[in-house]
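One-letter residues, chain by chain:
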Amino acid sequence: MLKKEVLDNMQRIVDNCMGEETAACAAACPMHTDAKEYIRLIREGRGEEAIKVIRDKLFLPATLGRICAHPCEKKCKWNEGHSPMAIASLKRYAADHFDHPENWDLEIAPANGKKVAVIGCGPSGMQAALDLRREGCEVTVFEKLPVRGGMMRVGIPAYRLPRDILEGEISYLDKLGVKFQLNCEIGRDKSLEELTREYDSVVVAVGKHQGRVDRSLAHSDAEGIYSAAGFLKEAALTGDVAKAGRAALVVGGGDVAMDCARTALRCSKMEKVYSICLEDSFAAMPSAPMEIRGALDEGVKFNHAQAIKAIHVDENNRVSGVTLKKCLSMFDKDGRFAPSYDEEATVEMEVDTIIFAIGQGVEGEFAKGMLEQRPNTTFVCDKLTLQSADNEKVFLAGDASGETVIVIQAMATGRRAAQSVMRYLRGESLTEGRELEDTWGYDTKLDMPTDWTQITGTRQGMGELDPKERVRSFDEVALGYTDEEAKREADRCRQCECKLCMKECIMLNDFTECPKTLFRDYLEKGIDKMDRMIAYSCNECSQCTLKCPKELDLRSNFQAMKAAYAQENDGIVPLDALKPSEAGQVKESSEAFCTTVPGADKPAETPRKKKTKYVFVPGCTVPAYTPQGVENVLRHLKDSLGDENVGALLQCCGKVSGFMGEEKKFDERNKIAIDKLDEMGCEVIITVCPSCFKIFKQTAKNQKVISYWDLMHDLIGLPEQARGIGKGSDVVFNIHDSCVTRDEPTHHASIRWMLDQMGYRWEDIERNGANTRCCGVGGMVCSSDPELYARVYTRRANDFNSDHIISYCGSCRGTMQAAGKDSVHMLDLLFGPTYMSDMARQRGYKSEDEMWANRLETKERLNAFRK
C-alpha cells in the first residue's frame, strides 16, 4: 500500500534514529548500569530510588563506587568539556547513604534441582553464583583463600576498599543461600574432575593471583624481592609485610604499581619508597591520574624512563641496591613493545626491597589434563558463551576466560557464564539471540552535538585524609561525598539522550517513545494495524527534522500514510472529523466563491489581448478574515505596478486537500488555479498566504512566485499612508513566523523591515524564523484533533513575552487569537490606523456563515476592479 521509497525512508529512520540509543556511560559499562538514571535520582534527592537502580545491575555498589576503573567515565560526554562526571563517586554516595540490607531483593526462582560449582570467590565467580542462585540452582563457591572477594580482598589495599564494606556486600550472597567453602584449593583438597562428576555444571572463575618477577635479572630470587600479587596479598591478610625493609623500589607504571608503592609506605619498617617505569612522563603512565596523585601526595619518589640493569645483594642474599639504566623508547617502528636502553646512562639506588608490578597470571595447575590453557595461562573457551573447549559442562569467567578484565568486566563475564550455564542446563542453544555487547562495553550510536562554550562546571573533588596522617594506617583515604557535594556533581550530568524531536513534538509523545520505535512498528505490523490518528495528528511543521541530528524526515511518511488512507477510500479522506473540511474544499473551489480579475485594458486595446503580468492570489483564509484588506492590497499593487499589469485570482490552491492526503483532489483543484493563471498570461504570482506561496512555488511551472511582503521590500515599498504610522503606538509586538515558510528568510526579514518602516516597536522571540513553531493548524490538526490543536497553540502562545502578536498568515492569526492573544494580521497594520493597546479585541468572523459571507464579499470587491 505504501510506496517503496516510503518504506525505505521508514527503514532509514529505524536504522539511524538515536532515540533508543543508550547513553555512553551505560553502554561503556559491561554490566550496563543505568548511571544516567541513578544520577538523575540523586540530583532530585531520591537516593533510595537511586540505589535500587544501581542494585538492579550490581550487588557491590559501595565496593565498585570505590575501586571500579569506571569505563563509563572514560566515555562520558563531559570528556569533551575536559571534566568527566564522577560516576563512581556518585555510586559510592548512593550506596553509603541509602543502601540498607533490609531493602535487598532476596527473591529467587523455585529450586530447579540443578547443582553448580563455582571455583573462585572473586567478582566474576560471585556474580555467576548470584545469578545462578536466583535462577533456582544450588550453588557452592570454592575458594582456596581464607577470605572472600578474590583480588578485591587481597589485591586492592584496605585504604581504598575497607574490608567491612566488601564483606558486608558479599553477605548478600549468604542471604540468597549461596554456599561457600573457604580454604579449599581445587587440585589439592578436591579435584576438578570430582566437581564435574558431582555437579551439573562448573564455572571456573579463578583470578590472576600468580605474580610475576623479572627472572632475567641476576639475584631475582634474593630476599626482599616480591611480585605485586604476593606483596599485596600478605599486606591484605596480615596488615604488614614481615620481610619488607626500609627502602622499597616499585617497578611498573600501572594502578597495581601505585597500590604497591602506597602499601609499602604503610609497612611497619618502611621509610621511603621509589617508583620506576619505562614511560617518560606521568601523562604516559597507564595508571589513573588520581592514583598517581595519591602516591605523590604520600611521598613516593618517581623516576621515569628507568629500568633495572642489575640487582645487588649483601652477604645474606638480601637486596642491597640496584643499578638503573635509561629507557630510550618503549616501542619499535612497527609499534610493538620492544624497549631500547642506554646501557651507559646509569643511576645507583640503595634499596632493600623490590616489588615487581609487571603483570600477573592465572594459576591453572589444578586443571592440567582437563582444560587447555593458552600461553598466557588463561583457558581456551568460546568468546561468546565462555564454554570450555574441552568440557561442555565447564564455563570460564573473569581472568580465567582470557578477557582483559577490570572488576566490572569480570562481573560481566560471570553473568555471561551464568547465562550460558542456564542455557546448557535447559538444553537450549548457547548462542541464539545473544550478542557479546550484552555483557561487554560498547560504543553507543548516541552522538549528540554539544556547544561546550555555553556550559560551565568542573568535576566535584572528594575530601581525603591528610597524607601525613593516613600513611600510618590502612584507614580509608577517600571520605566520600557529602549531600551537597553529591548534589553539585549530579547537577552537572547532561542526561544524554537524543529524543530531541520528542522534546519538541507534542503529537509524537501521544503515540510513541521515539521515531525508531514508531516506524519499526509500522514496518513490522503494517499500516493497517496502526492507529490512523497518528498520521492525522502530524502538524507537518518539520520541527522533528530540524531538531534531529541526523535530519531524518518523518513528515513525508505521515503524508504518504494519509494519501494511502484516502486512496483506499476512493480518493477522499476517510476520517469523519475531516469530512467537513473536504466539503469546504468543494465549496471554496466552486465558481460561486471564485473569480478572475485581469489587468485593466488600455483604450486602444479593445478587444483586450494584453497579458496580465502580475496576479495577486489572496488565498482562502485572508479573504475570509478581511475582504477590505484584500481590496487594499490589490489597489496598492495596481498603483505601484500599473493598473493594466496587475490582476487577481480568487481560487483555492488545494492545500487543505493535500493536508488530508487527497492527492488526486489536490491535483485537480490546484490545476484549476494553475490553468487560470496560464490563461491570464501570468508571469508573477503575488501571495499574502504562506501556504499559497509554498504550493504555487511547487506547482506553478510558468510563473515566478513572490510574497507581497518581499515585493514591497524589494520593489514597490509600503503604501504611502503606512509609512511611520506606528510611531505613536504604545504596543510592543512579538512576531509569529509561519512554519510553512520557515525556510524563506526573506519573508522574515521583510516583515521586520515593514514594522520598522511603519515605526512599530517589536521584539523577536527565540523560537522564530527558521526555528519557528507551528501554531497548531498545520496538517489540519485543528479539525482532526481539536484537543491536540489546543495543546499545540497553547504552547506556542507561551513562547511569547507580549500579549500583542503580529502574524502574516491568516490561519496563524486566528489560532493565536484562540490561544488568548491580541492577534493582529500584518494587513491590519498596513491599512489601518495607528494601533494602540486599547484596540485589542477579537477579530474576524464569528461563525461559519460569516466566514463564507466574507469570501463572497471579497469576490465582489475584486470584481469591482473589472468595471
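The structure under discussion appears in the preceding block.
Residues numbered from 1 in each chain as written. Predicted model: local features only at pLDDT ≥ 70, side-chain atom pairs only at ≥ 80, totals over all residues. Heavy atoms only, no water.

> Is there a simple way to explain the nonpolar core in this structure?
What tends to happen in soluble globular proteins is that the nonpolar side chains get buried as a cluster. Formed by 93 residues in total, the largest nonpolar core has its most connected members in Val203, Val204 and Phe379. Per-element tally for this core: the top contributor is helix H15 (residues 407-426), with nine residues. By size, the runner-up hydrophobic cluster in this structure holds 49 residues, among which are Leu518, Tyr565, Val777 and Phe800. (Core = buried A, V, L, I, M, F, W, Y, C linked by side-chain atoms within 4.5 Å. Buried < 20%, exposed > 50% of the residue type's maximum accessible area, 1.4 Å probe, protein only. Helix = DSSP H or I, 4+ residues; strand = E, 2+ residues; numbered from the N terminus.)

> What should I look at first to understand the state of the cysteines in this one?
Simply put, the disulfide is a covalent bond whose two ends are the sulfur atoms of two cysteines. Counted by the stated rule, this structure contains zero disulfides. Cys184 forms no disulfide, and the closest cysteine sulfur to it belongs to Cys121, at a distance of 12 Å. Judged by its relative accessible area of 9%, Cys184 is buried. With no disulfide of its own, Cys812 lies closest to Cys809 among cysteine sulfurs, the gap being 3.6 Å. (Disulfide = S-S within 2.5 Å.)

> What's the story with H15 in this structure? I'm lost.
Residue pairs three or four apart in sequence face the same way in an α-helix, which turns once every 3.6 residues. Taking 1.5 Å as the rise per residue, H15 with 20 residues should run 28 Å; its terminal C-alpha atoms sit 29 Å apart, in good agreement. Burial analysis of H15 places 17 of its 20 residues in the buried class, which makes it a mostly covered element. Positioned one or two residues after H15, Gly427 has a phi angle of 75°, which is positive. (Expected span 1.5 Å × (residues − 1).)

> Explanation requested: the sheet that holds strand E21 (residues 732-736) in the structure shown.
Whenever strands of a sheet pair, they do so through backbone hydrogen bonds, lying parallel or antiparallel. Taken in spatial order, the four strands make up an open sheet running E22-E21-E23-E24, and their pairing is parallel. Every other strand in the sheet has two partners, leaving strand E22 (761-763) and strand E24 (822-825) as the edge strands with one partner each. Averaged over all pairs of adjacent strands, the angle between strand axes in this sheet comes to 40°, irrespective of strand direction. Across three bridges, the pairing between E21 and strand E23 (residues 804-807) is parallel. Of the residues in E23, the one forming a bridge with Asn734 is Ile805. Against the sheet, helix H34 (residues 810-818) engages E21, E23 and E24, with an angle of about 165° to E24. (Pairing = 2+ DSSP bridges. Axes fitted to C-alpha atoms, helices over the stretch in contact; angles between N-to-C directions. Contact = heavy atoms within 4.5 Å.)

> Just checking my understanding: could you explain the packing of helix H12 (residues 228-238) against helix H13 (residues 255-265) for this structure?
Relative to each other, H12 and H13 sit at 45°, their axes nearing to 10 Å. Between H12 and H13, the angle falls in the class oblique. Seen from above, H12 lies across H13 with left-handed handedness. Facing Ala228, Phe231, Leu232 and Ala235 of H12, the residues of H13 in contact are Val256, Asp259, Cys260, Thr263 and Ala264. (Parallel < 35°, antiparallel > 145°, perpendicular 65-115°, else oblique. Left-handed = near helix turned anticlockwise from the far one by under 90°.)

> Looking at this structure, how should I read helix H10 (residues 163-176)?
With 14 residues, H10 extends 21 Å from end C-alpha to end C-alpha; this agrees with the ideal 20 Å at 1.5 Å per step. Buried residues of H10: Arg163, Leu166, Glu169, Ile170, Ser171, Tyr172, Leu173 and Leu176, and no others. The positive-phi residue at the C-terminal boundary of H10 is Gly177, with phi of around 100°.

> Hey, could you run me through the packing of aromatic side chains in this one?
To describe a pair of aromatic rings, one takes the distance between the centres and the angle between the planes. On inspection of all chains with the given rule, the structure shows 18 aromatic pairs. On the basis of an interplanar angle of 75° and a centroid distance of 5.1 Å, the ring pair of Phe282 and Phe302 is categorised as edge-to-face. Here Phe282, found in the loop between strand E8 (272-277) and helix H14 (289-298), pairs with Phe302, found in strand E9 (residues 301-304); they are 20 residues apart in sequence, far enough to count as distant. By relative accessible area, which is 35% here, Phe282 ends up partly exposed. By the ring-pair criterion, three or more aromatic residues cluster together here, those being Phe519, Tyr522 and Phe558. Above the face of the Tyr341 ring, Lys325 is positioned so that its terminal group lies 4.2 Å from the ring centre. In this structure, Arg492 is placed above the aromatic ring of Trp78, and the distance from its NZ or CZ to the ring centre is 4.6 Å. (Phe/Tyr/Trp six-rings, centres within 6.5 Å; stacked < 30°, edge-to-face > 60°. Lys NZ or Arg CZ within 6 Å of the ring centre and 35° of its normal.)

> Honestly, the packing of helix H3 (residues 35-43) against helix H17 (residues 483-490) in this entry has me stumped. Any pointers?
The geometry of a pair of packed helices is captured by two quantities: the angle between their axes and the separation between those axes. Following both chains from N to C, one finds H3 and H17 inclined at 130°, their axes separated by 8 Å at the closest point. Judged by the angle between their axes, H3 and H17 are oblique. Of the two elements, H3 crosses H17, and the hand of that crossing is left-handed. Here Ile39, Ile42 and Arg43 of H3 lie close against H17, whose contacting residues are Ala486, Lys487 and Ala490.

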